[in-house]
Amino acid sequence: MVILPSGGVATGDAPAANGPPVLAIESSCDETSAAVLTGTRTVASVVVSSQVALHARFGGVVPELASRAHVMSITPVARQAMAEAGVGWSDLAGLAVTRGPGLVGSLLVGVSWARGAGMARNLPVIGVHHLAGHWRAPWLEVASGFDPPAWPCVALLVSGGHSALYHAEGPGAVRLLGRTLDDAAGEAWDKVSRLLGLGYPGGAAIDALAAGGQPGRWSLPTPLQGRPGMDLSFSGVKTAVLHAVARSPWREDPASMPPSERADLAAAFQAVMVGSLVERLDRAVAATGVGCVIVSGGVACNRALRSRLRAWGDARGVAVSIPPASLCTDNAAMIGAAGYARVFDAWRAGRGYSPEPLDVLAHWPLEEV
Ligand code: KG4
Ligand code: ZN
């Protein structure tokens, strides 16, 4: 028996492929996503409807607008995922849905929709921890011959809402090593992007701009330099960028900064962020002695971080597993990966829909599951 990071107990008998289809739903923030999995590692379809355009003009996610948009898109998104996978309701073994953490209104849309579908079709519905999904993403089969990560491992989960380092002996034994003391890493990327007039969401914009910049032309402090432990901190770097702009000739209108200056500042910021993430990960590997690390969450799309991690892994003799960018940002395939085993067990035991309430959880530390 293994206790999954998503909570609950699974027998561990679920197949990696060729099992009964499970419909997974993710709606914790600003992506409405549905996926069909036919095993713990096999994705038959994944559909993501992004609300980026809706929130961009507000410079961040507006929770009420997010909930309303989920209501509008969840049924077409789920239908499309089922059509692309070629499955109907009567083929499904059950549903896995993100229960938290996240925006309450957004989570409620996904959970209510999944419960309604489960009740109508007498299918089991299980709740999944969003971070357990990010954690599981690197195990999804993305190409034939793909090597999944090995246990024990260290996981660096970095997104717009979370940034933490975990150690896991196996699928159930997850221990928190350190977490951000202030902003999440993605939040820092987003805030600096806004400051530089690059809009929201900022990660990809800074990533693109920084590629053409010279990081050495602006001096920014390294977070938690010389401090022991594996916690993370990003608000100091963000504030240092703010001060650098405030001392510059473009303080009145940062958007008027010449493109090359802006690219250099973006590159300096990104270099400090990437350096800090890799340094903390290095400590975690030294402290635990693992031979494998996984890096997941939206920030793991960052090209500078990905290439730096690969070089670091080669130099350190550590296997580095990062999902493809489309599975790093929020998606339902990862939720299916984290929830498949429990749905499978319920299906095999002949359990249908359970009227037991499945509440959503805005705050839900992974290590408390
Ligand atoms: O995992 P995710 O889709 O949602 C959360 O669970 O938060 O992560 C979104 C975050 C945003 O802050 C976004 O700016 C960041 O991931 N992100 C990036 C990149 N692409 C997305 N950060 C840095 N570089 C990128 N290329
Ligand atoms: Zn996420």
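The paragraphs below set out a description of the structure included in this document. (Residues numbered from 1 in each chain as written. Chains lettered and ligands numbered in written order. Predicted model: local features only at pLDDT ≥ 70, side-chain atom pairs only at ≥ 80, totals over all residues. Heavy atoms only, no water.)

**With respect to the coordination of the zinc ion (ligand 2)**
Ideal geometry at a metal centre: 109.5 degrees between donors when four sit tetrahedrally, and 90 or 180 degrees when six sit octahedrally. Every protein donor of the zinc ion (ligand 2) is accounted for by His130 (NE2), His134 (NE2) and Asp330 (OD), and the metal-donor separations fall at 2.0 to 2.1 Å. Classification of the site at the zinc ion (ligand 2) as irregular follows from its four donor atoms and the range of 94 to 141° in their angles at the metal. Every donor residue of the zinc ion (ligand 2) comes from the same chain, spaced as H-x3-H-x195-D. Here Asp330 lies in the loop between helix 10 (325-328) and helix 11 (332-348) and His134 lies in helix 4 (residues 130-136), a separation of 196 residues in the sequence. For Asp330, a relative accessible area of 15% puts it in the buried group. (Donors = N, O, S within 2.8 Å, 3.2 Å for Na, K, Ca; no water. Tetrahedral: all angles 85-135°; square planar, octahedral: opposite > 155°, others 65-115°. Helix = DSSP H or I, 4+ residues; strand = E, 2+ residues; numbered from the N terminus. Buried < 20%, exposed > 50% of the residue type's maximum accessible area, 1.4 Å probe, protein only.)

**What to know about the pattern of salt bridges**
Applying the stated criterion across every chain yields a total of 13 salt bridges. Between Glu64 and Arg68 there is a salt bridge, with the nearest N and O atoms lying 2.7 Å from each other. Within this pair, Glu64 and its partner Arg68 are both found in helix 2 (residues 63-85), separated by four residues, close to a single helical turn. Assessed through its relative accessible area of 49%, Glu64 is described here as partly exposed. The class of Arg68 is exposed, set by a relative accessible area of 52%. When the shortest N-O distance is used, the salt bridge between Glu261 and Arg217 registers 3.7 Å. Here Glu261, found in helix 8 (residues 259-288), pairs with Arg217, found in the loop between helix 6 (203-210) and helix 7 (235-246); they are 44 residues apart in sequence, far enough to count as distant. (Salt bridge = Lys/Arg side-chain N within 4 Å of Asp/Glu carboxyl O.)

**Section: the sheet that holds strand 9 (residues 163-168)**
Ordered in space as 10-9-8-11-12, the five strands form an open sheet in which the pairing is mixed. The open sheet terminates on both sides in strands that have one partner only, identified here as strand 10 (174-179) and strand 12 (319-321). Taken pair by pair, the neighbouring strands of this sheet meet at an average axis angle of 20°, ignoring direction. Here five bridges tie strand 9 to strand 10, and the two strands are oriented antiparallel to one another. Bridge pairing in strand 10 places Ala168 opposite Val174. (Pairing = 2+ DSSP bridges. Axes fitted to C-alpha atoms, helices over the stretch in contact; angles between N-to-C directions.)

**Overview of the site of ligand 1**
Close to ligand 1 lie 20 residues, the nearest being Gly160, Asp190, Asp207, Gly298 and Asn302. At 2.8 Å, a backbone N or O of Gly160 approaches an oxygen atom of ligand 1. With respect to ligand 1, the backbone of Asp330 contributes an N or O atom lying 3.0 Å from an oxygen atom. Expressed as a share of its isolated accessible area of 550 Å², the protein-covered part of ligand 1 is 88%. Secondary-structure elements contributing two or more residues to the shell around ligand 1 are helix 4, helix 5 (185-195) and helix 6. (Near = heavy atom within 4 Å. Polar contact = N/O pair within 3.5 Å; in protein donor to acceptor, adjacent residues only side chain to side chain. Areas by Shrake-Rupley, 256 points an atom, 1.4 Å probe, with all protein chains shown as cover.)

**Overview of the sheet that holds strand 7 (residues 125-129)**
Taken together, the five strands give an open sheet; going across it, the order is 5-4-3-6-7, and neighbouring strands pair in mixed fashion. Strand pairing shows two members of the sheet lacking a second neighbour, strand 5 (43-50) and strand 7, which therefore form its edges. Between one strand axis and the next, the sheet turns by 20° as a mean value, whatever way the strands run. Looking at chain direction, strand 3 (residues 22-26) and strand 6 (residues 94-100) are connected through four bridges and run parallel. Counterpart to Ile25 in the pairing with strand 6 is Val97. In this fold helix 11 packs onto strand 3, strand 4 (31-37), strand 5, strand 6 and strand 7, with an angle of close to 130° to the strand it touches most, strand 3. (Contact = heavy atoms within 4.5 Å.)

**Observations regarding helix 9 (residues 303-316)**
Between its first and last C-alpha atoms helix 9 spans 20 Å; for 14 residues at 1.5 Å apiece the expected length is 20 Å, and the two agree. Every buried residue of helix 9 is accounted for by Leu305, Arg306, Leu309, Trp312 and Gly313. End-on view of helix 9: buried residues confined to an arc of 130°, all on one side of the axis. Counted as exposed and oriented over 90 degrees from the buried face of helix 9: Asp314 and Ala315. Where helix 9 is buried, its residues touch helix 8, strand 11 (292-296), strand 12 and helix 10. Note on helix 9: the residue one or two positions beyond its end, Gly317, has a positive phi of about 70°. (Expected span 1.5 Å × (residues − 1). Arc of directions from axis to C-beta.)

**Overview of helix 3 (residues 104-121)**
Since there are 3.6 residues in each turn of an α-helix, residues three or four apart along the chain are aligned in direction. Here helix 3 contains 18 residues, and its C-alpha end-to-end distance of 25 Å stays within 8% of the 26 Å for a straight helix at 1.5 Å per residue. Turning to helix 3, its buried residues are Ser106, Leu107, Val109, Gly110, Val111, Trp113, Ala114, Ala117 and Gly118. Just downstream of helix 3, Asn122 is the residue with a positive phi angle, here 50°.

**Brief notes about unusual backbone geometry**
Of the consecutive residues Trp151 and Pro152, the connecting peptide bond is found in the cis state with omega at -10°. The amide bond that connects Tyr200 to the next residue, Pro201, takes the cis arrangement and shows omega of -10°. Secondary-structure assignment places Pro201 in the loop between helix 5 and helix 6. Positive phi, close to 60°, is recorded for Asn18, a residue that is not glycine. Residue classification places Asn18 among the exposed positions, given a relative accessible area of 75%. In this model, Leu224 sits at a positive phi of 50°, which is unusual for a non-glycine residue. Note that Leu224 resides in the loop between helix 6 and helix 7. On the basis of relative accessible area, Leu224 is assigned to the buried category, the value being 13%.

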